[in-house]
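# Commentary on secondary and tertiary structure
Here is what each chain is made of, one letter per residue.
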Amino acid sequence: MGNDKPARTLMLFSGLGMAMMIAGLALDGQWAVYAFVSGGLFCSIMWPCIFALSIAGLGKYTNQGSSLLVMMILGGAIIPPLQGYLADLAGIQMSYWIPVACFGFLALYAWRVKSILMAQGIHYDQLSDSQNEPV
């Protein structure tokens, strides 16, 4: 669906994840559960896109940047306790506003990083057919 374009793929799947979280907030019963679970499935494709976009343009610092990026994965350490705290205050279903905000941040990141990379001369939207690498 993203046609091997990481910024587009990240924006698309974060938007779909956000839509499923909002659907889960609006629905009741099993439909809400299905929406929340399906929203979580969109996360699987996001990490490769985030990683590729984050290390693009680092040049000789690519190895160092990629190792720091892997070490700084904090979503699993910060977001669940924050969502749990909100669940204690407002209820489990209302705590899903946290993932809505996270998916929104990822969509914003995808939109912004695309212009930053283009300013550096990295165009992920124009892939070379022979090498399948950014031009």
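Residues numbered from 1 in each chain as written. Predicted model: local features only at pLDDT ≥ 70, side-chain atom pairs only at ≥ 80, totals over all residues. Heavy atoms only, no water.

Let us now look at helix α4 (residues 62-71). Taken residue by residue, α4 has G65, S66 and L69 as its buried positions. Projected onto a plane normal to the axis of α4, the buried residues spread over an arc of 95° and lie on a single side. Summarising the geometry of α4, the exposed residues directed more than 90 degrees from the buried face are N63 and M71. (Buried < 20%, exposed > 50% of the residue type's maximum accessible area, 1.4 Å probe, protein only. Helix = DSSP H or I, 4+ residues; strand = E, 2+ residues; numbered from the N terminus. Arc of directions from axis to C-beta.)

With that settled, consider the nonpolar core. Among soluble globular proteins, nonpolar side chains are generally buried collectively. L10, M46, L53, L117 and Y124 are the most contacted members of the largest nonpolar core, which has 21 residues in total. The leading source of residues in this core is helix α6 (residues 97-119), at six residues. Sequence-distant contacts of L53, that is, excluding residues within four places in its chain, are made with P6, A7, L10, Y109, V113, L117 and Y124. (Core = buried A, V, L, I, M, F, W, Y, C linked by side-chain atoms within 4.5 Å. Contact = heavy atoms within 4.5 Å.)

A few words on the packing of helix α1 (residues 6-26) against helix α2 (residues 29-41). Viewed as axis vectors pointing N to C, α1 and α2 meet at an angle of 165°, and their least axial separation amounts to 8 Å. Viewed along their axes, α1 and α2 adopt a mutual orientation that is roughly antiparallel. The two elements α1 and α2 cross, and the hand of that crossing is left-handed. Along its contact with α1, which presents G17, M20, M21, A23, G24 and L25, the element α2 presents A32, A35, F36, S38, G39 and G40. Of the residues in the contact of α1 with α2, the class split is seven nonpolar, five polar and no charged. (Axes fitted to C-alpha atoms, helices over the stretch in contact; angles between N-to-C directions. Parallel < 35°, antiparallel > 145°, perpendicular 65-115°, else oblique. Left-handed = near helix turned anticlockwise from the far one by under 90°. Nonpolar A, V, L, I, M, F, W, Y, C, P; charged D, E, K, R; others polar.)

With that settled, consider a nonpolar patch on the surface. A cluster of nonpolar side chains, L27, W31, V33, Y34, V37 and L41, forms an exposed patch at the surface whose accessible area comes to about 650 Å². Relative to the assigned elements, V33 resides in helix α2. (Patch = residues over 30% accessible without salt bridge, like charges linked within 9 Å, V, L, I, M, F, W, Y side chains within 5 Å. Areas by Shrake-Rupley, 256 points an atom, 1.4 Å probe, with all protein chains shown as cover. Salt bridge = Lys/Arg side-chain N within 4 Å of Asp/Glu carboxyl O.)

Take the packing of aromatic side chains next. The way to describe two aromatic rings as a pair is by their centre distance and the angle between their planes. Within the structure shown, the criterion is met by four aromatic pairs. Consider the rings of F13 and F42, whose centres lie 5.7 Å apart with planes at 55°: the pair is tilted. Taken together, the residues span a long stretch of sequence, with F13 in helix α1 and F42 in the loop between α2 and α3 (46-55) at a distance of 29 residues. Across the pair, exposure class does not vary: F13 and F42 are buried alike. Taking the centre distance of 6.0 Å and the plane angle of 80° together, the rings of W31 and Y34 count as edge-to-face. Here W31 pairs with Y34, and both are found in helix α2, just three residues apart, close to one helical turn. (Phe/Tyr/Trp six-rings, centres within 6.5 Å; stacked < 30°, edge-to-face > 60°.)

When pLDDT is averaged along the chain, the result is 86; 88% of the residues meet or exceed 70. α4 is the least confidently modelled element of the chain, averaging 87 in pLDDT, while α1 averages 93, the highest of any element. Low pLDDT, under 50, characterises residues 128-132; the stretch is placed with four contacts to residues that sit more than four places away or in other chains. (pLDDT = per-residue confidence, 0-100.)

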